[in-house]
Each structure stands twice: as C-alpha cells, then as structure tokens.
Amino acid sequence: MKTLITSLIILSFSMGVQAQHENENSDPNQMKTLMGHNNAVGGYGAITMQYSRIDDRDAFTFGARGAVVMGHMVGIGLSINGFFNDRHYDPISQTNLHLSGGYGGFFFEPVVLPNYPVHVSFPILIGGGGIGVNSSDKDKWNYDFNSEASDAFMIIQPGIEVELNITNFFRFCVGGYYRYTTDVQIDNPDYNVPAGVLRGWTGGVTFKFGRF
C-alpha cells in the first residue's frame, strides 16, 4: 500500500506541473484542469514477461494488456496473465508437482511526463484469478499435466515501470510490481501450499504497441 500512496503523490505533483506548463500560453479566461487541454485519445496492446519466486521456486508470468490512453497521461484497460513455477519431484506420490494458474482484471495506469524519451508509469491491477497444483509422471520431459486441486483468489498489484519511447508507436518498459492476493486454500496431501503463496515482488519487461 505504501507503493500505491507514493505513486499517487508523485502522479498528482507531476500532473500539476505539466498542466501548469501547458496552460502558460493559454487563454487566461479558459478553465484550468489537471489534465490541461490535451484531449487526445489513443490506445495500445502489450505483451508482458515477468519473473518472481512462488513457493521459493523460480516462477514465470506471461501476459497481455489492452488499454485506452487519454490525454497521453492515463491508460485504462484490461490485463490477463498466466503463471507457473518450477516442478519438483515428490518421492511419496512419485510425480513431479508444480503450481500454475492465471489472473486478470481492470487496470489503471497514470503516466508521468509521457512525451519525454524516458519516463515512468504506475500501473495498478485489480482483479481475480485461480491457482492449482499440477502433477506429471517422473519423466521430467513429460508435459502432460493433471490438475490435482485449485482455488480462486482476488488480487491487487501496484507497480512502477520505466518506459522508453523507442518509436512513435512502440514503447519498451522495465517494471517492478508487488502482487498482493487474498489467502488461497488448496487441499492436496502431496503439496502443502501456503495461504499467501502468491504474495511478493515480481519484475519484468513489457512491449507496448499503439498510439500513445
């Protein structure tokens, strides 16, 4: 939550500074707003790749976003993500076990000084998802998984991204995020899944394509 509060403070300050700059040469009788008088509307699609630790094992997340961009400074859209962690061998069941699942939802993305070649944004995802225990036989090259048990969760994921304007239609982003979820309860005798197994930091890259 500290990340979210800090992000909102920085956003409010930067938007005020930028709006003031935009309005310096405007009609003095025109109404002043935080967003200035730039009413441009754009949009983008993006793919994301992230790394984290889930249950003390390497984990990877792959996702996609779609957003409408208003005034170059605020993105609003939807995000979907899938994740999995490394498998480990369980000698009792004689199977390989791992966690996998997905989540998605609505996201809000303030962007600070978007016209600069390097700038920052603060995406905040709010939604839900599911996680499950999967098993396969002891052959490590066998990817025929069986779902053993699963549960649903709610998620809030604030983050910060450093964006590089590569071209007018392509941005490359490096980001850090904190994944906070409700407790999960998975009843599986071969895999003791902690209630807060998905909570923690994650980092990765995003490739955005569109009109910003």
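Cut-offs applied
- Residues numbered from 1 in each chain as written.
- Predicted model: local features only at pLDDT ≥ 70, side-chain atom pairs only at ≥ 80, totals over all residues.
- Heavy atoms only, no water.
- Core = buried A, V, L, I, M, F, W, Y, C linked by side-chain atoms within 4.5 Å.
- Buried < 20%, exposed > 50% of the residue type's maximum accessible area, 1.4 Å probe, protein only.
- Helix = DSSP H or I, 4+ residues; strand = E, 2+ residues; numbered from the N terminus.
- 1 Å grid on protein atoms, 1.4 Å probe; cavity = no way out; pocket = protein on both sides within 12 Å on 5 of 7 lines; lining within 4 Å.
- Points joined across faces, edges and corners; volume = space filled by probe spheres on them.
- Nonpolar A, V, L, I, M, F, W, Y, C, P; charged D, E, K, R; others polar.
- Pairing = 2+ DSSP bridges.
- pLDDT = per-residue confidence, 0-100.
- Contact = heavy atoms within 4.5 Å.
- Phe/Tyr/Trp six-rings, centres within 6.5 Å; stacked < 30°, edge-to-face > 60°.
- Polar contact = N/O pair within 3.5 Å; in protein donor to acceptor, adjacent residues only side chain to side chain.

On to the nonpolar core. In this structure, Leu-99, Ile-131, Phe-153, Val-193 and Val-197 are the most contacted members of the largest nonpolar core, which totals 24 residues. Elements that contribute at least two residues to this core include exactly strand E1 (41-54), strand E2 (57-70), strand E5 (95-112), strand E7 (124-137) and strand E8 (146-167). The biggest single contributor to this core is E5, with four residues.

This part covers empty space enclosed by the protein. Tallying each qualifying case throughout the model produces two cavities of 30 Å³ or more. Every residue along the wall of the largest cavity is listed here: Thr-48, Gln-50, Arg-65, Ser-79, Asn-81, Phe-107, Pro-123, Leu-125, Gln-157 and Tyr-177. Tallied by class, residues from the lining of the largest cavity come to four nonpolar, five polar and one charged. The computed volume of the second largest cavity comes to approximately 50 Å³. Surrounding the second largest cavity, Tyr-44, Val-69, His-72, Val-74, Gly-75, Glu-109, Val-111, Glu-163, Arg-171, Lys-208 and Phe-212 form its lining. Looking at the lining of the second largest cavity, its residues break down into five nonpolar, two polar and four charged.

So, on to the pairing of strand E3 (residues 74-85). In terms of strand pairing, E2 meets E3 through 12 bridges, oriented antiparallel. Bridged to Val-69 within E3 is Gly-75. Two elements, E3 and E5, share 11 bridges in a ladder whose sense is antiparallel. Of the residues in E5, the one forming a bridge with Ile-76 is Phe-108.

Here we take up the confidence of the model for the protein. Confidence in the prediction for the protein averages 84 pLDDT; 78% of positions are at 70 or higher. Of all the helices and strands in the protein, helix H1 (residues 2-23) carries the lowest mean pLDDT, 44, while strand E9 (residues 170-181) carries the highest, 98. Across residues 28-35, confidence stays below pLDDT 50; counting only partners more than four residues off in sequence or on other chains, it has 15 contacts.

All right, on to the packing of aromatic side chains then. By the definition in use, this model includes eight aromatic pairs. Relative to Phe-207, the ring of Phe-172 has its centre 5.4 Å away and its plane inclined at 50 degrees; by these criteria the two rings are tilted. Within this pair, whereas Phe-172 is found in strand E9, its partner Phe-207 is found in strand E10 (residues 200-211), the two being separated by 35 residues in sequence. Owing to a relative accessible area of 22%, Phe-207 belongs among the partly exposed residues under this scheme. Ring plane angle 70 degrees and centroid distance 5.1 Å describe the contact between Tyr-178 and Trp-201, whose orientation is recorded as edge-to-face. You can see Tyr-178 sitting in strand E9 and its partner Trp-201 sitting in strand E10, a full 23 residues away along the chain. By relative accessible area, Tyr-178 is classed as partly exposed at 29%.

Before going further, it helps to spend a moment on the side chain of His-88. Secondary-structure assignment places His-88 in strand E4 (residues 88-90). Separated by 3.4 Å, the side chains of His-88 and Arg-57 make a polar contact. Residues in contact with His-88, not counting those within four places in the same chain, are Arg-57, Thr-95, Asn-96, Leu-97 and Tyr-191.

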